[in-house]
Structure formats: C-alpha cells, structure tokens
Amino acid sequence: MGQREAWRLMSRFNAFKRTNTILHHLRMSKHTDAAEDVLLEKKGCAGVITLNRPKLLNTLTFNMIRQIYSQLKKWEQDPETFLIIIKGAGGKAFCAGGDIRVISEAEKAKQNIAPVFFRVEYMLNNAIGSCQKPYVALIHGITMGGGVGLSVHGQFRVATEKCLFAMPETAIGLFPDVGGGYFLPRLQGKLGYFLALTGFRLKGRDVYRAGIATHFVDSEKLAMLEEDLLALKSPSKENIASVLENYHTESKIDRDKSFMLEEHMDKINSCFSANTVEEIIENLKQDGSSFALEQLKVINKMSPTSLKITLRQLMEGSSKTLQEVLTMEYRLSQACMF
C-alpha cells in the first residue's frame, strides 16, 4: 500500500470517527432520560406527541427531533391512526425553539454538530408539511423558532390567549429558518417580512388573525378539545375540522378586539415592500410616524448581515415549495455557522 493510499484510508477513518462522536454527543442528555423529553402515545384514534421539557420551555434536542420524525412516519402509515396531535407540557410553552445549549457545548468541545442537527430538524419540518394524516398543533404558550417549525406547516394550528409567537432570529445573527422562508412571505401583505425582520411578538388571538393559527380556543377548554378529538371514531379531515370550528366559534376571549397591527398595516405594506434593507430603513425614516420610528429603532439593533439574508430568503421563498425553501435554508444555516 502506497503512502497516498494510507493517508486516504486514515482520513476516511478519522471522518467516520468524528461523525460517530458527533452523533453520540447529540444523543446524550445530561439532565434527564432522553426518552422522557418527548412522549409518543397512541390515544384513541390519534397519535399524541407531547414535548416534555417544561422547565426548559420544551426546547428541542436532536434526540427529540429524531424520535418525533420516526414516529410521525409510522403513524402516517398506520391505518388505525387518523390524526396526529402535538402539544407542550407544563402550560408555559409549546416549544421555545431548538436547544442551542447542546450545539454550543458541542462547539466548545470542537465537535461540529450543526450540520446533523439542522438537517434532521428540517427533514421533520418537511415531514409535517407533507403529512398525509391531519396534524393538529396545540400552540399554547411560547411558540418560537423551532417550535414554529413543529406547528405552522401542519394542517391545523390551534392558538390560545396565552400563545406568544415570534421569530427572533435576526437578533442572534441567524435568520427565521424551519420553513420561515415559506410561510412568512405568504402572510397578508408584507406582514411576514415585518415579523421576520423585527422579531415582533404576536399574542393570543392575534396569532390567529395574522394567519399563523387556523383556530383560536380558550386555554381552559384545550383539554376538553383534545378529549373530543380523541373520542372521534375513524374521523375524516372534515370531522376534525368541524370539532375545531365548534370550539373556535364558542371562544369569546378578545373576539371584539381588532388585530393589534390592523391600524399599522398600510405602513407595514408600504415600508416593507422595498427590495433592500437600506430602502426599508429609508422608508421608515421617511414615514416618520411613532410606529415607524419604533420599528427603525428595533431594526438598528439587529444583525445587519441577518437582516440582508432574511430579506433575500423571504423574497426567494415566496415562489418556492416548502421542500425547496428548506433546502435553501439548510445551505444558509451552514453558511451562517462557519
């Protein structure tokens, strides 16, 4: 064997060893048994996913993502599973995003786990978007980043008055991923561009009014709603939609209040319709209203690079399929990591 061949074999062995080390690190969970981080249960006619890290706002680990993906695919093929429900434990959060602590600790140990983590997460997002069974996300509490990816691509998204939605990535040097490039530019007017660039938070019924949730239900009725869904016998998509619609219609919380951004939508559509971040900033300056100047102040605190990436991401994503957007976002995520 020549020296060149020996070096080639050694390089392959080292790459294999690194990959195994990364995967081992991702599977580790220091605070609890990883199996308890997510509960996957068959109840009645449904498969029920419970994100079970309430003390950590149900943030996602690699192991959780891998387990959910695998079970989702099994339920999709199971003739006795008619719908899939996903919810968060603890009442404070549905899911506050990915557990960046795990990625950070691995990076400090010189283990680059980002490629594996993001790839599997985006595969799950795509699986939810293409799921052949009705998928019901109960978005009660904090729903940000990766939590949005677990819910917004599903057929039914049920918000409560305690739901808090945001895509805050431009503040931390990233971009609104997990399919943000797909669903955000499809919201009314330029609302999605505004939410993506500013990280603006929507609460309660406004999550429904913005088009992110499909239904709104009082939080005190959420358990009853779940029981009614589980009690359905071989339900069709229409049966499930009917139950959700009944609860939605009965809800009275903030029913008479208008969308909190309604009075500002003309300004949002005008200022955020530009093709460059510089033009958006200039539009906000020219507008001069207190609302516009407040958004200008927010944008000036964001990562300039993230702002530019995010604007281009949404512009490109507006004409792509979800799968195409997730492929684009994976490439972007890796470029942002190095």
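Here the structure is a predicted model, which means the values were calculated and not measured. (Residues numbered from 1 in each chain as written. Predicted model: local features only at pLDDT ≥ 70, side-chain atom pairs only at ≥ 80, totals over all residues. Heavy atoms only, no water.)

Asker: Mind showing me how you'd approach the pairing of strand 1 (residues 38-43) here?
Answerer: Regular strands place their side chains on alternate faces of the sheet. Where strand 1 lies against strand 2 (residues 46-51), 6 bridges are found, and the strand directions are antiparallel. Bridging across to strand 2, Glu41 finds its partner in Val48. Here strand 1 folds back onto strand 2, and the loop between the two strands holds 2 residues, one of which, Gly44, carries a positive phi near 60°. (Pairing = 2+ DSSP bridges. Helix = DSSP H or I, 4+ residues; strand = E, 2+ residues; numbered from the N terminus.)

Asker: Please explain the packing of helix 9 (residues 222-230) against helix 10 (residues 237-250) as it appears in this structure.
Answerer: Each pair of packed helices can be summarised by the angle the axes make with each other and by the distance between the axes. Packing of helix 9 against helix 10 brings their axes to within 10 Å, and their N-to-C directions diverge by 160°. In terms of orientation, helix 9 lies roughly antiparallel with respect to helix 10. By crossing handedness, the relation of helix 9 to helix 10 is classed as right-handed. Where helix 9 abuts helix 10, its residues Met224, Leu225, Asp228 and Leu229 lie against Ile240, Val243, Leu244 and Tyr247. The class makeup of the residues in the contact of helix 9 with helix 10 is 7 nonpolar, no polar and 1 charged. (Axes fitted to C-alpha atoms, helices over the stretch in contact; angles between N-to-C directions. Parallel < 35°, antiparallel > 145°, perpendicular 65-115°, else oblique. Left-handed = near helix turned anticlockwise from the far one by under 90°. Contact = heavy atoms within 4.5 Å. Nonpolar A, V, L, I, M, F, W, Y, C, P; charged D, E, K, R; others polar.)

Asker: Got a minute to help me understand the packing of aromatic side chains in this structure?
Answerer: We describe a pair of aromatic rings using the distance from one ring centre to the other and the angle between the two ring planes. One pass over the full model with this rule turns up 6 aromatic pairs. Here the aromatic rings of Phe117 and Phe118 are separated by 6.0 Å at their centres, their planes lie at 80°, and the arrangement is edge-to-face. Each member of the pair, Phe117 as well as Phe118, carries the same accessibility label: buried. Here the aromatic rings of Phe194 and Phe200 are separated by 5.2 Å at their centres, their planes lie at 45°, and the arrangement is tilted. Here Phe194 matches Phe200 in class, with each residue buried. Clustering of aromatic rings is evident, with ring pairs tying together Phe117, Phe118, Tyr122 and Tyr330. (Phe/Tyr/Trp six-rings, centres within 6.5 Å; stacked < 30°, edge-to-face > 60°. Buried < 20%, exposed > 50% of the residue type's maximum accessible area, 1.4 Å probe, protein only.)

Asker: Explain empty space enclosed by the protein to me, please; I cannot follow it from the model alone.
Answerer: Here the idea is plain: a probe the size of a water molecule rolls over the atoms and shows the empty space left. By the definition in use, this model includes 2 cavities of 30 Å³ or more. Computed from the structure, the second largest cavity encloses a volume of approximately 40 Å³. Val217, Asp218, Lys221, Tyr247, Glu250 and Ser251 together form the lining of the second largest cavity. Looking at the lining of the second largest cavity residue by residue, the classes come out as 2 nonpolar, 1 polar and 3 charged. (1 Å grid on protein atoms, 1.4 Å probe; cavity = no way out; pocket = protein on both sides within 12 Å on 5 of 7 lines; lining within 4 Å. Points joined across faces, edges and corners; volume = space filled by probe spheres on them.)

Asker: Explain the layout of surface pockets to me, please; I cannot follow it from the model alone.
Answerer: In this structure, the largest pocket spans a volume of roughly 450 Å³. If you trace the largest pocket, you find 23 residues lining it, with Gly98, Ile100, Glu169, Ile172 and Leu174 closest to the centre. Sort the elements by how many residues they give to the lining of the largest pocket and helix 4 (residues 114-129) lands first, with 4 residues. Across the lining of the largest pocket, the residue classes break down as 13 nonpolar, 6 polar and 4 charged. Surrounding the second largest pocket, Tyr69, Lys73, Phe118, Arg119, Tyr122, Met123, Asn126, Ala127, Gln323, Leu326, Thr327 and Tyr330 form its lining. At the level of elements, helix 2 (62-77), helix 4 and helix 15 (322-337) are the ones that each hand at least two residues to the lining of the second largest pocket. Counting residues per element, the lining of the second largest pocket draws most heavily on helix 4, at 6 residues. A per-class count over the lining of the second largest pocket returns 7 nonpolar, 3 polar and 2 charged.

Asker: It is not clear to me how helix 12 (residues 277-287) should be interpreted in this structure. Could you clarify?
Answerer: Owing to its 3.6 residues per turn, the α-helix aligns residues three or four sequence positions apart on the same side. Within the span of helix 12, buried status applies to Val277, Ile280, Ile281 and Leu284. Seen from one end, helix 12 has its buried residues packed into an arc of 100°, which puts them on one side. The inward-facing, buried residues of helix 12 contact helix 7 (191-198), helix 11 (265-271), helix 13 (290-299) and helix 14 (304-317). Of the residues trailing helix 12, Gly288 is marked for its positive phi of about 75°. (Arc of directions from axis to C-beta.)

Asker: Which parts of the structure should I look at to understand the sheet that holds strand 8 (residues 164-166)?
Answerer: Strand pairing in a sheet is mediated by backbone hydrogen bonds. Such pairs are either parallel or antiparallel. Here we have 4 strands laid out as an open sheet, ordered 4-6-8-9, and mixed in their pairing. For this open sheet the edge positions go to strand 4 (93-95) and strand 9 (202-203), each flanked by a neighbour on one side alone. Pairing analysis gives 2 bridges linking strand 8 to strand 9, with the strands arranged antiparallel. Each bridged residue has a counterpart across the sheet, and for Leu164 the counterpart in strand 9 is Lys203.

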